[in-house]
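Listed here are the chains, written in short residue letters.
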Amino acid sequence: MRRAIGPRGRAAVLLIEKMADFGGSSLMSGASFAFAGTSQQKDQGIDDTPDLLRKDLLEVGGHKNDPALVDLYVDNQLDTYGWLKQAGVEFHPVQLSSNMSAARGHPTFPRQVFGVLHPRLAEAGVEYAASTAATALHADGDGRVRKVDLSVNGESRSIRVNKGVI
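Computed from a predicted model, the values in this text were never measured in an experiment.

Observations concerning helix H2 (residues 50–60)
Point 1. Leu 53, Arg 54, Asp 56 and Leu 58 are the residues of H2 that are buried.
Point 2. On its buried face, H2 is in contact with strand E2 (32–34) and helix H3 (67–87).
Point 3. Two residues or fewer after H2 comes Gly 62, characterised by a positive phi angle close to 60 degrees.

Some points on H3
Point 1. Between the first and last C-alpha of H3 there are 29 Å, a value that for 21 residues agrees with the 30 Å anticipated at 1.5 Å per step.
Point 2. Helix geometry: H3 is bent most strongly at Gln 77, by close to 45 degrees.
Point 3. Those residues of H3 that sit buried are Val 70, Val 74, Gln 77, Tyr 81, Leu 84 and Ala 87.
Point 4. At its buried positions, H3 is contacted by E2, helix H1 (39–43), H2, strand E3 (105–107) and helix H4 (110–117).

Quick word on the side chain of Asp 48
Point 1. Its location among the elements puts Asp 48 in the loop between H1 and H2.
Point 2. Within the structure, the side chain of Asp 48 is placed 3.0 Å from the side chain of Gln 41, a separation counted as a polar contact.
Point 3. Within polar-contact distance, the side chain of Asp 48 engages the side chain of Arg 104 at 2.8 Å.
Point 4. In this structure Asp 48 touches Phe 35, Ala 36, Gly 37, Gln 41, Leu 53, Ala 102, Ala 103 and Arg 104, once residues within four positions along its chain are discounted.

So, the environment of Gly 125
Point 1. With respect to the secondary-structure elements, Gly 125 resides in the loop between H4 and strand E4 (126–129).
Point 2. Its relative accessible area of 13% is what places Gly 125 among the buried residues.
Point 3. Expressed as a C-alpha distance, the spacing of Gly 125 and Ala 12, which sit 113 residues apart in the sequence, is 7.4 Å.

Side note on the environment of Arg 160
Point 1. Checked against the element boundaries, Arg 160 lands in strand E7 (residues 155–160).
Point 2. The spacing of Arg 160 and Ala 130 is 30 residues in sequence and 19 Å in space, taken between C-alpha atoms.
Point 3. Side chain to side chain, Arg 160 and Asn 162 meet in a polar contact 2.8 Å long.

So, the nonpolar core
Point 1. Grouped together as the largest cluster of nonpolar side chains are 8 residues: Phe 35, Tyr 81, Leu 84, Ala 87, Val 89, Phe 91, Val 113 and Val 116.
Point 2. For this core, the secondary structure elements donating two or more residues are H3 and H4.
Point 3. Non-local contacts of Ala 87, meaning those with residues more than four positions away in its chain, are made with Val 116 and Arg 120.

Rules of the game
Residues numbered from 1 in each chain as written. Predicted model: local features only at pLDDT ≥ 70, side-chain atom pairs only at ≥ 80, totals over all residues. Heavy atoms only, no water. Buried < 20%, exposed > 50% of the residue type's maximum accessible area, 1.4 Å probe, protein only. Helix = DSSP H or I, 4+ residues; strand = E, 2+ residues; numbered from the N terminus. Contact = heavy atoms within 4.5 Å. Expected span 1.5 Å × (residues − 1). Bend = angle between axes of the 7 residues up to and from the residue. Polar contact = N/O pair within 3.5 Å; in protein donor to acceptor, adjacent residues only side chain to side chain. Core = buried A, V, L, I, M, F, W, Y, C linked by side-chain atoms within 4.5 Å.

Here it is in structure tokens:
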């Protein structure tokens with residue numbers, strides 16, 4: 001947890017998990033991804049497009065969502081679907097989700113998704129810390145988080161943040 005620059009000069013990424021094992025409360029989630037225009041939808045006879053997904057997301061958000069973030073999601077969602085499938089994530093039959101005008105919920109089993117993705121953290125240059133909880137965020141005058149207090153196996157530590165916290 002001390003490295004500031006990761007492999008090939010990229011910013012270091014630290015993923016913390018409060019529990020001893022990976023997945024946390026996400027393992028209890030519905031684990032359904034919203035993708036539009038996938039091969040799986042076509043195989044099921046579902047007609048959907050990224051433009052319709054964009055429209056639905058904006059409407060569900062009451063047009064209060066950031067259009068640039070919606071565009072970022074929509075513009076990358078098919079590549080994400082392909083990457084997840086290539087990585088070995090198994091999607092179940094596509095389902096209609098609430099507030100969507102087309103069936104585009106691509107359900108999975110959360111434990112299977114984490115089992116596929118967790119081993120890839122190291123190869124992506126992500127440092128992983130289990131049994132580590134964020135206890136406080138410290139922001140500067142502009143509201144940017146610059147320091148995070150952590151509890152690591154019950155011991156208090158702080159880390160400096162340069163580019164952000166998600």
